[in-house]
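Letter by letter, the chains look like this.
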Amino acid sequence: MMVQSFPPLHGVRIVEFEGIGPGPLAARMLADMGADVTTLVRPGAAVVNESLGVAGENPLRRGKRVEQVDLKSTAGLARALDLVADADALVEGNRPGVMERLGVGPAPCAARNPRLVYGRMTGWGQCGPLAQAAGHDLNYVALTGLLSLAAPAGQAPRVPPTVVGDACGALGLAFGIACALFEARQSGRGRVVDAAIVDIVAMLGTLVQWIRGGGQIDGAQPSPFHDSPFYDSYACADGGFITVAALEPQFYALLLDKLGLADVDPARQHDKAAWPALKARMAARFRSQPRAHWCALLEGSDACFAPVLSLAEAAHHPHNVARGIYAPGADGAIAVAAAPRFAPL
C-alpha cells in the first residue's frame, strides 16, 4: 500500500503582505515547502519591477494565492485582518512603522490571533540608527564587513546582485518563521521575527570570522582565499574562466599532478613566498587551453574544480540537469526548483 507523503509545511497558513525581493522570496520558500500562502498585493504597478525591466510571470509568486487588497480602505483592512485571524504566520517587508500606521502591526494582529508568528523582513532591522534609511543588498553586505572579502587588496569588490544580501535575508526569515511556528504550536503564543538582512548576513559570516581569527583573511598577511595559487579563478584561452579551490593537501597534490607541475613540492603548499610565482605559472597554464579542455581534465575529480558558467549555461550543465535544479522555458526564462529536498527515512 502506498503512503501519501505531504510536504513538511502542509497545513501551515501564511499571509504575505507583498513587498520586494527578500520578503516574497521567503514566502515562496515556505510555499515550496507546502505552506498555504495568500499574498496580498497593493493596487497599481510594481515600480521596482518596471524600473528593472522585469516582465512576464513573477516567479516569486509561484505556489501562492494572490489577492489585491487596498489596506488604506476600510474593506481592505478588514479583509486583511480576517485572513490574519486564521493564519499561522505573517510575512511583511516594509520599513519599520509602516504596518503599524496601516493598522496591521503586531498589536492588532495579535489581538485577532495570539498564536500568530509575525515575520518582519528589513534591511537594517526594526531598530538602530539606520532603521529608517533606504538601502539595498549591496549596502547591507558592505556594512557587515564581508563585502571587503570579495576581492583581492586594492581591487573593487563585487558580489552577485541580490544573492548574498537579499536571498540570505529571505532564508533567514523563513528559518525564523519555521522556528517560531514550532514554538507557537507548543505554547499557544506567537512571536515577532525581526529578520534584518544585515544581522543575517553577519551571522552567516561566522565561518569567515573564525578563519579571520586564525590570521588567514582580512589581515596584512597573504591569504589563501585571495593570494594563493590553489584558490582562485583563472582565465582560459577562449575567454572563459574556471575555478580551483584545492585547500586540502591531498586535493592540492592532485591538482598539481593533473596540471603536470611535477617539480612543485605539494608539501610546500603554504609557503607564501612561493605563491606569486606559482600563481603566475598556473595562470599561464590555464590560459593555454580553452575552458572545455580543463573541464575534460579536471571536472568530477578531487581537484576541487568547476567552470565559471553563465546562468544560461548553468541550466544545461549535466549535474544541474540530473538534479533538476533548473527548468528552462521556451521563452528563455529559467525556473529554479525548491530546496532543500526531503525523502522519507
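Residues numbered from 1 in each chain as written. Predicted model: local features only at pLDDT ≥ 70, side-chain atom pairs only at ≥ 80, totals over all residues. Heavy atoms only, no water.

Engineer: What's the story with the environment of arginine 158 in this structure? I'm lost.
Structural biologist: Structurally, the position occupied by arginine 158 is in the loop between helix 6 (137-143) and helix 7 (163-187). By relative accessible area, arginine 158 is classed as exposed at 65%. Separated by 10 residues in the primary sequence, arginine 158 and serine 148 have C-alpha atoms spaced 8.9 Å apart. (Helix = DSSP H or I, 4+ residues; strand = E, 2+ residues; numbered from the N terminus. Buried < 20%, exposed > 50% of the residue type's maximum accessible area, 1.4 Å probe, protein only.)

Engineer: Where do I start with the environment of leucine 254 in this structure?
Structural biologist: Looking at where leucine 254 falls in the secondary structure, it is placed in helix 10 (residues 249-258). Other than its neighbours up to four places away in sequence, leucine 254 contacts Ser301, Asp302 and Ala303. (Contact = heavy atoms within 4.5 Å.)

Engineer: Please explain the pattern of salt bridges as it appears in this structure.
Structural biologist: Pairs may arise between side chains of opposite charge once their charged atoms sit close together. On inspection of all chains with the given rule, the structure shows 16 salt bridges. Across the pair arginine 112 and aspartate 82 runs a salt bridge whose closest N-O atoms are separated by 2.8 Å. Here arginine 112 is found in helix 5 (residues 106-112), whereas its partner aspartate 82 is found in helix 3 (residues 74-85), with 30 residues between them in sequence. We classify aspartate 82 as partly exposed; its relative accessible area is 40%. Taken together, the shared-partner salt bridges connect Arg28, Asp32 and Arg62 into one network. (Salt bridge = Lys/Arg side-chain N within 4 Å of Asp/Glu carboxyl O.)

Engineer: Whenever I open this one, empty space enclosed by the protein confuses me. Can you help?
Structural biologist: With a probe scaled to a water molecule rolled over the atoms, the places where space remains empty come into view. Overall, the coordinates contain one cavity of 30 Å³ or more when judged by the stated rule. Roughly 30 Å³ of volume is contained in the largest cavity. Asp88, Arg115, Leu181, Ala184 and Arg185 together form the lining of the largest cavity. Residues of the lining of the largest cavity, tallied by class, amount to two nonpolar, no polar and three charged. (1 Å grid on protein atoms, 1.4 Å probe; cavity = no way out; pocket = protein on both sides within 12 Å on 5 of 7 lines; lining within 4 Å. Points joined across faces, edges and corners; volume = space filled by probe spheres on them. Nonpolar A, V, L, I, M, F, W, Y, C, P; charged D, E, K, R; others polar.)

Engineer: What's the story with the sheet that holds strand 7 (residues 231-235) in this structure? I'm lost.
Structural biologist: The strands that make up a sheet pair up through hydrogen bonds in the backbone, lying either parallel or antiparallel. The three strands are arranged 7-8-9 in an open sheet whose pairing can be described as antiparallel. Edge positions in the sheet fall to strand 7 and strand 9 (305-307), since each has one partner strand and no second. If you compare each strand with its neighbour and ignore which way they point, the axes differ by 20° on average. One ladder, built from five bridges, connects strand 7 with strand 8 (residues 241-245); its direction is antiparallel. Along strand 8, the bridge assignment pairs aspartate 232 with valine 244. (Pairing = 2+ DSSP bridges. Axes fitted to C-alpha atoms, helices over the stretch in contact; angles between N-to-C directions.)

Engineer: Would you mind showing me how to read the nonpolar core here?
Structural biologist: Nonpolar side chains in soluble globular proteins tend to end up buried together. Within the largest apolar cluster, 34 residues are counted, with the highest numbers of intra-cluster contacts made by Ile14, Leu30, Ala35, Val117, Leu173 and Ile177. Elements represented by at least two residues in this core include exactly helix 1 (22-32), strand 4 (89-92), strand 5 (117-122), helix 7, strand 6 (192-196) and helix 8 (197-204). Ranked by residues supplied to this core, first place goes to helix 7 with seven residues. Once residues within four sequence positions are removed from consideration, valine 117 is found in contact with Asp88, Ala89, Leu90, Ile177, Ala180, Leu181, Ala184, Arg191 and Val193. Listed in part, the 23 residues of the second largest apolar core include Tyr252, Leu261, Phe286 and Phe305. (Core = buried A, V, L, I, M, F, W, Y, C linked by side-chain atoms within 4.5 Å.)

Engineer: Would you explain the pairing of strand 2 (residues 36-41) in this entry?
Structural biologist: When a strand is regular, its side chains alternate between the sheet's two faces. Most of strand 2 sits inside the fold, with five of its six residues counted as buried. Where strand 1 (residues 13-17) and strand 2 come together, five bridges link them in parallel fashion. Residue isoleucine 14 lies in a different strand from strand 2, and its bridge partner there is valine 37. For the segment spanning strand 1, helix 1 and strand 2, crossover handedness is right-handed. Alignment of strand 2 against strand 3 (residues 64-68), held across five bridges, turns out to be parallel. (Right-handed = clockwise from strand over helix to strand, strands pointing away.)

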